[in-house]
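Letter by letter, the chains look like this.
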Amino acid sequence: MYKFDRAKYDERMKWFRHDRFGMFIHWGLYAIPARGEWVRSTEEIPEEEYIPFFNEFNPVDFDAKEWARLAKKAGMKYAVLTAKHHDGFCLFDSKLTDWKSTNTPFGRDIVREFLDAFRAEGIRVGLYYSLLDWHHPDYPAYGDRQHPMRNNPAYKDKPYNFDNYLDYMHGQIRELCTNYGKLDMMWFDFSYDNLTGEAWRGSELVRMVRSLQPDIILDNRLEVSGSGFGSIATDEPLEYSGDYVSPEQIIPQTGFKDSQGRDICWEACITMNDNWGYCAKDKNFKPAEMIIKKLVECVSKNGNMLLNVGPDAKGNIPDESVEILEKIGAWMKKNSESIYGCGGCDLPKPENGRITRNGKTLYYHIMENSIGGIPLQGISRDQVESIRLVCDGTEIKPLENWIVENYPDVVFVEASKTVHLPDSIDTVIAV
Ligand code: JFZ
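We now turn to the structure provided with this report. Positions within a chain are numbered from 1, following the residues in the order the chain's sequence is written. Residue-level local features of this predicted model are given only where pLDDT is at least 70; pairs of side-chain atoms are given and counted only at 80 or more, and the full residue set underlies all totals for whole chains, interfaces and linings. With hydrogens and water excluded, all non-hydrogen atoms of the structure serve as input to the side-chain values.

## Things to note about helix α8 (residues 202-212)
Moving on, step 1. Classification of residues uses two cut-offs on accessible area relative to the type maximum, computed with a 1.4 Å probe and protein chains only: under 20% is buried, over 50% is exposed, and between them is partly exposed. Strands here mean DSSP runs of E at least two residues long; helices mean DSSP runs of H or I at least four residues long; both are numbered from the N terminus. Along α8, the residues classified as buried are Gly-202, Ser-203, Leu-205, Val-206, Met-208, Val-209 and Arg-210.
Moving on, step 2. The secondary structure elements touched by the buried residues of α8 are α1 (6-12), α7 (162-179), β4 (185-189) and β5 (217-218). Here, two residues are considered to be in contact whenever any of their heavy atoms come within 4.5 Å of each other.

## A look at the site of the ligand
Moving on, step 1. Here a residue is near a molecule or strand as soon as one of its heavy atoms is found within 4 Å of it. As a matter of local geometry, the ligand sits amid 14 residues, with His-26, Glu-37, Trp-38, His-86 and Glu-248 nearest to it.
Moving on, step 2. Any pair of nitrogen or oxygen atoms within 3.5 Å is treated as a polar contact; in protein, a donor-acceptor pairing is required on top of that, and neighbouring residues in sequence qualify only through side-chain atoms on both sides. One of the side-chain nitrogen or oxygen atoms of Glu-37 is found 2.5 Å away from an oxygen atom of the ligand.
Moving on, step 3. Between the ligand and Tyr-128 there is a distance of 3.2 Å, counted from an oxygen atom to a side-chain nitrogen or oxygen.
Moving on, step 4. The fraction of the free accessible surface of the ligand (440 Å²) that becomes covered by protein chains is 78%.
Moving on, step 5. When residues are grouped by polarity, Ala, Val, Leu, Ile, Met, Phe, Trp, Tyr, Cys and Pro land in nonpolar, Asp, Glu, Lys and Arg in charged, and all others, Gly among them, in polar. For the shell around the ligand, the class distribution of residues is five nonpolar, five polar and four charged. To be clear on the numbers: accessible area is Shrake-Rupley with a 1.4 Å probe, and residue cover counts the displayed protein chains and nothing else.

## A look at the sheet that holds strand β10 (residues 353-358)
Moving on, step 1. The criterion for strand pairing is that DSSP finds at least two bridges linking the strands in question. The four strands are arranged β10-β11-β15-β13 in an open sheet whose pairing can be described as antiparallel. Two strands bound the open sheet, and with one partner strand each, they are β10 and β13 (388-389).
Moving on, step 2. When strand β11 (residues 361-366) meets strand β15 (residues 427-430), the two strands line up antiparallel, connected through four bridges. Across the sheet, the residue bridging to Ile-366 is Thr-427, located in β15.
Moving on, step 3. Contacts from helix α9 (residues 288-300) reach β10 and β11 within the one sheet, and its direction differs from that of β10 by about 50°. Only the stretch in contact is used when fitting a helix axis, every axis being a line fitted to C-alpha atoms; angles between N-to-C directions are given from 0 to 180 degrees.

## Quick look at the packing of α7 against α8
Moving on, step 1. Running from N to C, α7 and α8 point in directions that differ by 15°, and their axes come no closer than 9 Å. Taken together, the axes of α7 and α8 lie roughly parallel to each other. Of the two elements, α7 crosses α8, and the hand of that crossing is right-handed. Two secondary-structure elements touch here, α7 through Met-169, His-170, Ile-173, Arg-174, Cys-177 and Thr-178 and α8 through Glu-204, Leu-205, Met-208, Val-209 and Leu-212. Orientation categories follow fixed angle ranges, with anything under 35 degrees roughly parallel, anything over 145 roughly antiparallel, 65 to 115 roughly perpendicular, and all other angles oblique. Definitions for this section: a left-handed crossing has its near helix turned counterclockwise from the far helix by less than a right angle. A right-handed crossing has that turn clockwise.

And the structure:
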């Protein structure tokens, strides 16, 4: 009988609660049509029209070290690569299929190169593994609402044996957990309709993964889709509950607490534009300033952010994404002490920004300029030991003038030295 072990759980979640910021990488054959990673399904493309991408896959510019340097520069502490996405194409040298990068003209084990390069930069590593598989003959096709062949009459009476598929999937996950050294995270994606939990033989799968990789952290999608909370958010997590809630393309309105008032771990996965996989036409990139503020928002609610890049068919991360990551990196270089090891605090969100906290230190993220003094809400003068500007360490004094005398329960600091001078994105003040 499975019993959730909270002490063990808290131990393995330590780095996750500390690191806060990771890189998601969606990459595969779909980078060639360049219309997003769902292209086979949305356009109902039959296998024979997808195979040419396999036959030509040769991303000559792929350099995992370059990706890793970029992630490091952006201040990202962990990274998750799609070892297999819904199209079933494997970026690793699986013995269980021919549908893998090592059999394309490229001929390389991309997962291994990714793991080596990111570990070398001191970045923790995780692998995304799609539970859906549109290539495997034993995965339900006709009538499955996601499958590219859902409406194709040729698949209507095609027999399939789902247990064969599950053996295959369990076998591949065993390969990943056995042949590639220590993995920090496994990101299963995703459950839907009747396919959830034990339909994936979830308990058996998780038992195997944890026996091979005792410290690994799992997302919650063996149990739920991209919007569910699942039993990890209850007092009795199931064996396949995973370790954290994984809201997709949304930052929750507040953090989550369990019935004992403990914070529930979560990670928002977010795209920079509107697609996970490379999409040539999608230039709808979010400004770096916005993403920085959203990262702060996640941390202020005790969550993480997993920010996506979708490299192109030659293996390059799009220029727009590189530029965004560099801008984030410039901010992180000066302000990351307000992110790493930080979480939320019990004070309400101030009207001019957000607060993150590490122990006794409050980080006031000032996102709006003030006239006169900047109000640090929620604290009183006698609680304050010192105030420093985080980006350069400058001492800041509480204001003592005729205006602030009338606001005894707010600490004001000088505006001129802070917001509109060094950094108008998010100026951080440590108290
Ligand atoms: C999933 C994938 O389909 C997507 O390609 C990407 O990898 C993302 C991170 O995860 O997205 C989902 C998962 C579930 C639902 C929608 C999108 N859902 O249940 O509606």
